[in-house]
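Fold and contact review
Each chain is listed here by its residues.
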Amino acid sequence: MLISVQLTLQRIGALFLRHIFLHYESWPRLVEMLYWPVINMATWGFTSLYFIKKYTDSPIISATLVGAVLLLEIYLRTITNILVLFLEEIWSRNLGHLFASPLSIIEYTVSLVLSALTRMFIAIIPAILLASYLFNFSLFSLGLSLFLYVFLLAFNACWYGLLVISLLLRFGLAAEWLGWMSAWIMTPLLAPYYPVTILPPFLQIVAYALPATYVFESMKEQMNQHTSHSSNLLIALLLNIFYSFVAAWILSRAYKAARNKGSLLQMGE
Amino acid sequence: MRSFAIETSKLKKVFDNQVVINSINLQIQYGSVTGLLGGNGAGKTTTLSMLLGLLSPTSGSIYLLGHDLETQRSLIAPYINFSSPYVDLPNRLTVRQNLIVYGRLYGIKGLKDRVQELSEKLQITDYLDRRYGSLSAGQRTRASLAKSLLNAPRLLLLDEPTASLDPDTADWVRTFLLSYCTSTGATLFMASHNMREVENMCQDVIVMKAGNIVARGSPQNLINSFGHSNMEEVFLDIARQFHRTL
């Protein structure tokens, strides 16, 4: 049992190491990793400054917007990192070697998620520093709630990322564009910068079915009214748990379908 | 305990209502070198993919090293390895990095020494720290072989091991593989298009056509029973019979 756990950890670590090696001497990958959070931070930060100067004197609006940008980056970067790291295996036609080895699909998934989260945490640091330097906003001003927000958003992004790679496993590289698109498709419904009530009623129903929506609602509430309903975060947690089981089931079905079709050996450029 | 390194029973694969492997039964002796011959689309790669667990059979069973592949894959996988031109190692990683990652995936103890030992045996020491993607076809084959031998496999599955290699490198690879099997007692099961390769290396040859096993025996037995002078003529005979039946 102990040896089995040890070997499992070793295999998860091996794949994690593969991703470190991949980034180690590849400056384009490092730049790409840091680029989007910084660009988005700067764009939205300056936009919020403009609105403050033009229409209001309230710095809360700017802080809410900048905070939402950072939290949204945590969510989006985790999804796209899962997608990119999975695509790296397809692009290098390496899936056959991986899945013919003792590595299981569960170990592969755990390693993929850990690598994606690590990549996200590294990528978000420059954006946090930029927000502090240019816009005088510290994400840590959210206090202990910040850790809950990050946890719940990353949790949401992980199961959603697994759904995206299920698409690729099921339909192959032809679904790559669908993968990129689906990473962003839910963003307007999460209402990161505005209240959910702005959305049309039928979209509000969809929005409230998504865990990240509750996190953004909590964050905005905290920033604007200095209060926060913990019930929002509890709903987000329960939805995340439910969806992660659904995502695991769909991923296992997609893996089975890939083995039936022989895609693990054929997928590649 | 089953007495064959590879044992399949009524192994069948159907893609989109087309039967690509038609209920084949294989029994491959431990320690043997077996060649799987057949034209394009005969079902060689499909058979190998099923033996590797990368492709699910539509029906039938596979036992490798005495264990059921479907239910006991985790017990078997550490003792099997493979190389195929259809699967690459990550191009951006160096050969050494690839070997380290796969060595860890296979749970190799004393990995650093194992990588060094294999590098020397396969003569890849000079380009261990070069990216896999920058290597020539021959160098890639050697590096890929190093990966496939990392865990000192008891069962080695190879798909066209000398495809796209120059005659000198191909001969070197064949000699190396035979020496590996002789010294370790490993079972080698390889699909090939190269008749001379099969004739020289294999004690047992299985010929496939349209998903069926149509002939089996030692190279000499097949040559004699078909009344030809070499395996190439045997292969052409079988292939043309097939075309006539079309």
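Cut-offs applied
One numbering rule holds for all chains: residues counted from 1, following each sequence as written. Think of it this way: whatever chain is written first is A, whatever ligand is written first is 1, and the rest follow in order. Totals for whole chains, interfaces and linings use all residues, but because this is a predicted model, local features are given only for residues with pLDDT of at least 70 and pairs of side-chain atoms are given and counted only at 80 or more. The helix and strand labels rest on DSSP assignments: H or I over at least four residues marks a helix, E over at least two residues marks a strand, and numbering proceeds from the N terminus. Radius of gyration: over C-alpha atoms. The globule rule applied is 2.2 Å multiplied by the number of residues raised to the 0.38 power. In this scheme the burial state of a residue depends on its C-beta neighbours within 10 Å: 20 or more other such atoms mean buried, 12 or fewer mean exposed, and anything in between means partly exposed; the C-beta positions come from the backbone. With C-beta atoms placed from the backbone, a contact is any residue pair whose C-beta atoms sit within 7 Å. Strand pairing is defined by DSSP finding a minimum of two bridges between the two strands. Fitted lines through C-alpha atoms serve as axes, helices being fitted only where they are in contact, and the angles separating the N-to-C directions of these axes extend from 0 to 180 degrees. Each angle receives one of four descriptions, namely roughly parallel if under 35 degrees, roughly antiparallel if over 145, roughly perpendicular if within 65 to 115, and oblique otherwise. By convention the crossing between two helices is left-handed if the near helix lies anticlockwise of the far one by an angle smaller than a right angle, and right-handed if it lies clockwise. All residues other than Ala, Val, Leu, Ile, Met, Phe, Trp, Tyr, Cys, Pro, Asp, Glu, Lys and Arg, Gly among them, are scored as polar; the first ten of these are nonpolar and the last four charged.

What about the overall build of chain A?
- In terms of regular secondary structure, chain A is built from 11 helices and zero strands.
- In terms of C-alpha radius of gyration, chain A reaches 20 Å, essentially the compact-globule figure of 18 Å for 269 residues.
- Dimensions of chain A, computed from the C-alpha atoms along their principal axes, are close to 60 × 40 × 40 Å.
- The buried share among the 269 residues of chain A stands at 45%.
- Residue pairs in contact within chain A that sit at least 24 positions apart in sequence constitute 73% of those at least 6 positions apart.

Side note on the sheet that holds strand β3 (residues 33-38) of chain B
Residues and elements named next belong to chain B.
- The sheet built from six strands is open, its strands ordered β6-β7-β8-β3-β9-β10 with mixed pairing. Every interior strand has two partners, whereas the edge strands, β6 (80-83) and β10 (212-217), have only one. The average undirected angle you get between the axes of adjacent strands in this sheet is 15°.
- Across five bridges, the pairing between β3 and strand β9 (residues 204-209) is parallel.

Quick look at the packing of helix α3 (residues 95-105) of chain B against helix α5 (residues 137-149) of chain B
Residue and element names in this part refer to chain B.
- Following both chains from N to C, one finds α3 and α5 inclined at 20°, their axes separated by 9 Å at the closest point. Viewed along their axes, α3 and α5 adopt a mutual orientation that is roughly parallel. Once α3 is placed against α5, the crossing between them reads as right-handed. Where α3 approaches α5, its residues Val95, Asn98, Leu99 and Tyr102 are matched on the opposing element by Ala143, Ala146 and Lys147.
- In terms of residue class, the contact of α3 with α5 is built from five nonpolar, one polar and one charged.

What to know about the packing of helix α2 (residues 27-55) of chain A against helix α5 (residues 105-135) of chain A
Residue and element names in this part refer to chain A.
- Following both chains from N to C, one finds α2 and α5 inclined at 30°, their axes separated by 8 Å at the closest point. Comparing the axis directions of α2 and α5 gives the class roughly parallel. Every pair of crossing elements has a handedness; the one defined by α2 and α5 is right-handed. Of the residues in α5, those in contact with Met33, Leu34, Pro37, Val38, Met41, Ala42, Gly45 and Leu49 of α2 are Arg119, Ile122, Ala123, Ile124, Pro126, Ala127, Leu130, Ala131, Leu134 and Phe135.
- Residue classes in the contact of α2 with α5 are distributed as 16 nonpolar, one polar and one charged.

Just geometry here; none of it tells us what the structure is for.
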